[in-house]
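If you want the building blocks of each chain, they are given just below.
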Amino acid sequence: MFGIRAPYPGNRPRRMRLDSFSRRMMQEHHLTVDMLIQPYFIVEGTNQRQAVPSMPGVDRLSIDLLVESATALHALGVPAIALFPVTEDDAKTDDCSGAWNPEGLLQRAVRTLKTALPELGIITDVALDPYSPHGHDGLMNEEGYIINDETVDALVRQALSHAEAGADIVAPSDMMDGRIGAIREALEAADHRNTRILSYAAKFASSFYGPFRDAVGASAALGKSNKNSYQIDPSNSDEAMHEIAADLQEGADMIMVKPGLPYLDIVRRARDTFAVPTYAYHVSGEYAMIKAAAAQGWIDEKAVVLETMMAFRRAGCDGVLTYYAHDVANWLKSC
Ligand code: PBG
C-alpha cells in the first residue's frame, strides 16, 4: 500500500487537496442521517419539559412532548430513538419489579410511539438502574454486591415486557454475564423472534456518565459507589473483545461501544475483529464538554460535532447514539 508513489516532488498530496471537487472525489467516509440514534429522557405527566442543567439543550419530556419531538425527528429521516425513563420514587423497589410493569412509564411510551410513528425504530434500555433505590444496574445483596444470576432473571422479564409493548430493539446496558443468551432464549420462546438485541457489549466503567446520572436522577442514590464490579476497566481492550465475542455467540444482533470518542480504538478493533453492525454511544459527558466549550466561544459547536461524527464513521461505526442526533440531522439537511 505504501511506497508505490514516487517520492517528493513526484508525489505532491496537496494537489488533490487543492480544489473542492478533487477533495470530494477522494472523500472516504460520509455522514448520513441513517447513522443517527437520538436518546430521550421521559418523565410522567403531560406537557412536561424539564431542562437538565449539566446537559444544556437536552430536556426530559413527558410522553406527549416526546411524540411531538420524535415526529419532527422522524420527518428528518432519523431511523431510531433510544428511550430512558426517569422514574418516580414509587417505581423503585429492591426487587426492581417496576422494570416489567406493563403500565410503567417506559412501556406506555413505547406503545404510544409505535401507534403514532410505527416506522420509527424504538430502542429500549434493559438495565435496572431506573428501578433500583440505589441506582445500580442490578439487584444488590446484603454486602452491597450486584448479584449476577438473579439480576439476569429480572432483566429477562424487563426485556420481555419491552418487546411486549412493541420495542423493536432491546438494548441491555447492564453488563451482567449471560444476559444476552437468556434474553434471546426468552424472546424466542415468547414468539418475539424479530426483536433485535443491541448489546452494550463493551461498556466501560467511565467517568463520562456523570450528566446522564443527573438527568435520570441517579447521582444522589449512587453517591460515592461505583460500577467497577460489572462495567469494564478503562485500561482493558482484550476484555472488551471477549465480551463482544460472548454476546455475539449468545445472540446479539448489534453491538455498542460506550463511551464513544475516547474509545474509538475499541470500535476499530471490534469492527476489524467481528465485522458486525457496530455502534458507539457518544455519552453525556462528551456532549457536556462540547456544550461547555461552545458556550464559552472556545470552539465552533457545529464544526466540532460534525467532525466528531466523522471520527466515529472513520473508526468503523455504522451508527452513533448521540444527544446531538437531532441537530446533526438538521445540519445534514442544510449542507
Ligand atoms: C445505565 C446507563 C448509563 C448510561 C446509559 N445507561 C450510566 C451508567 O452506567 O451509570 C450513560 C449514558 C450517558 O452518559 O450518556 N444503564
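- An unreviewed UniProt entry lists the protein chain under the name Delta-aminolevulinic acid dehydratase, from Granulosicoccus antarcticus IMCC3135.
- Entered under Sequence similarities (unreviewed entry) in the UniProt record, the comment concerning the protein chain runs "Belongs to the ALAD family."

Some words on the site of the ligand
Here is step 1 of the chain: Around the ligand sit 17 residues in total, of which Arg213, Lys227, Lys258, Ser284 and Tyr323 are the nearest.
Here is step 2 of the chain: Within the side chain of Lys258, a nitrogen or oxygen atom sits 3.2 Å from a nitrogen atom of the ligand.
Here is step 3 of the chain: At a separation of 2.6 Å, an oxygen atom of the ligand approaches a polar side-chain atom of Ser284.
Here is step 4 of the chain: A total of 410 Å² of accessible area belongs to the ligand in isolation, and the protein chains cover 100% of it.
Here is step 5 of the chain: In this structure the site holding the ligand corresponds to the largest cavity.
Here is step 6 of the chain: Of the residues belonging to the shell around the ligand, the class tally is seven nonpolar, three polar and seven charged.

Observations concerning a positive patch on the surface
Here is step 1 of the chain: The grouping of Arg12, Arg14, Arg15 and Arg17 at the surface amounts to a positive patch.
Here is step 2 of the chain: Inspection of the secondary structure assignment puts Arg17 in helix α1 (residues 14-17).
Here is step 3 of the chain: Residue Arg17 is classed as exposed on the basis of its relative accessible area of 51%.

Points about the UniProt feature "binding site: Mg(2+)" (unreviewed entry) in the protein chain
Here is step 1 of the chain: Per the UniProt record, "binding site: Mg(2+)" (unreviewed entry) is found at Glu243.
Here is step 2 of the chain: Considering the arrangement of structural elements, one finds Glu243 in helix α9 (residues 238-250).
Here is step 3 of the chain: Given the relative accessible area of 17%, Glu243 is considered buried.
Here is step 4 of the chain: Residues in contact with Glu243, not counting those within four places in the same chain, are Met175, Asp177, Ala201 and Ile232.

Some thoughts on the environment of Ala116
Here is step 1 of the chain: For Ala116, the location among the structural elements is in helix α4 (residues 105-116).
Here is step 2 of the chain: For the pair Ala116 and Leu61, spaced 55 residues apart in the sequence, the C-alpha separation amounts to 16 Å.

What about the packing of helix α11 (residues 284-295) against helix α12 (residues 301-315)?
Here is step 1 of the chain: Following both chains from N to C, one finds α11 and α12 inclined at 150 degrees, their axes separated by 10 Å at the closest point. Relative to α12, the element α11 lies roughly antiparallel. Relative to α12, α11 is oriented so that their crossing is right-handed. Contact with α11, carried on its side by Glu286, Ile290, Lys291 and Ala294, involves Glu301, Val304, Val305, Thr308 and Phe312 of α12 and no other residues of that element.
Here is step 2 of the chain: Among the residues making up the contact of α11 with α12, the classes are represented as five nonpolar, one polar and three charged.

Notes on the nonpolar core
Here is step 1 of the chain: Counting 110 residues, the largest nonpolar core has Phe41, Ile81, Leu83, Leu113 and Tyr281 as the members making the most contacts within it.
Here is step 2 of the chain: Per-element tally for this core: the top contributor is helix α5 (residues 148-165), with seven residues.
Here is step 3 of the chain: Residue contacts for Phe41: discarding those within four places in its chain leaves Met55, Val58, Asp59, Arg60, Leu61, Phe84, Val86, Phe212, Ala215, Val216 and Tyr323.

About the thresholds
Residues numbered from 1 in each chain as written. Predicted model: local features only at pLDDT ≥ 70, side-chain atom pairs only at ≥ 80, totals over all residues. Heavy atoms only, no water. UniProt positions renumbered as here; feature names shortened; annotations may be inferred. Near = heavy atom within 4 Å. Polar contact = N/O pair within 3.5 Å; in protein donor to acceptor, adjacent residues only side chain to side chain. Areas by Shrake-Rupley, 256 points an atom, 1.4 Å probe, with all protein chains shown as cover. 1 Å grid on protein atoms, 1.4 Å probe; cavity = no way out; pocket = protein on both sides within 12 Å on 5 of 7 lines; lining within 4 Å. Sits in = over half its atoms within 2 Å of the grid points. Nonpolar A, V, L, I, M, F, W, Y, C, P; charged D, E, K, R; others polar. Patch = residues over 30% accessible without salt bridge, like charges linked within 9 Å, V, L, I, M, F, W, Y side chains within 5 Å. Salt bridge = Lys/Arg side-chain N within 4 Å of Asp/Glu carboxyl O. Lys, Arg positive; Asp, Glu negative; His and termini not counted. Charge placed at Lys NZ, Arg CZ, Asp CG, Glu CD. Helix = DSSP H or I, 4+ residues; strand = E, 2+ residues; numbered from the N terminus. Buried < 20%, exposed > 50% of the residue type's maximum accessible area, 1.4 Å probe, protein only. Contact = heavy atoms within 4.5 Å. Axes fitted to C-alpha atoms, helices over the stretch in contact; angles between N-to-C directions. Parallel < 35°, antiparallel > 145°, perpendicular 65-115°, else oblique. Left-handed = near helix turned anticlockwise from the far one by under 90°. Core = buried A, V, L, I, M, F, W, Y, C linked by side-chain atoms within 4.5 Å.

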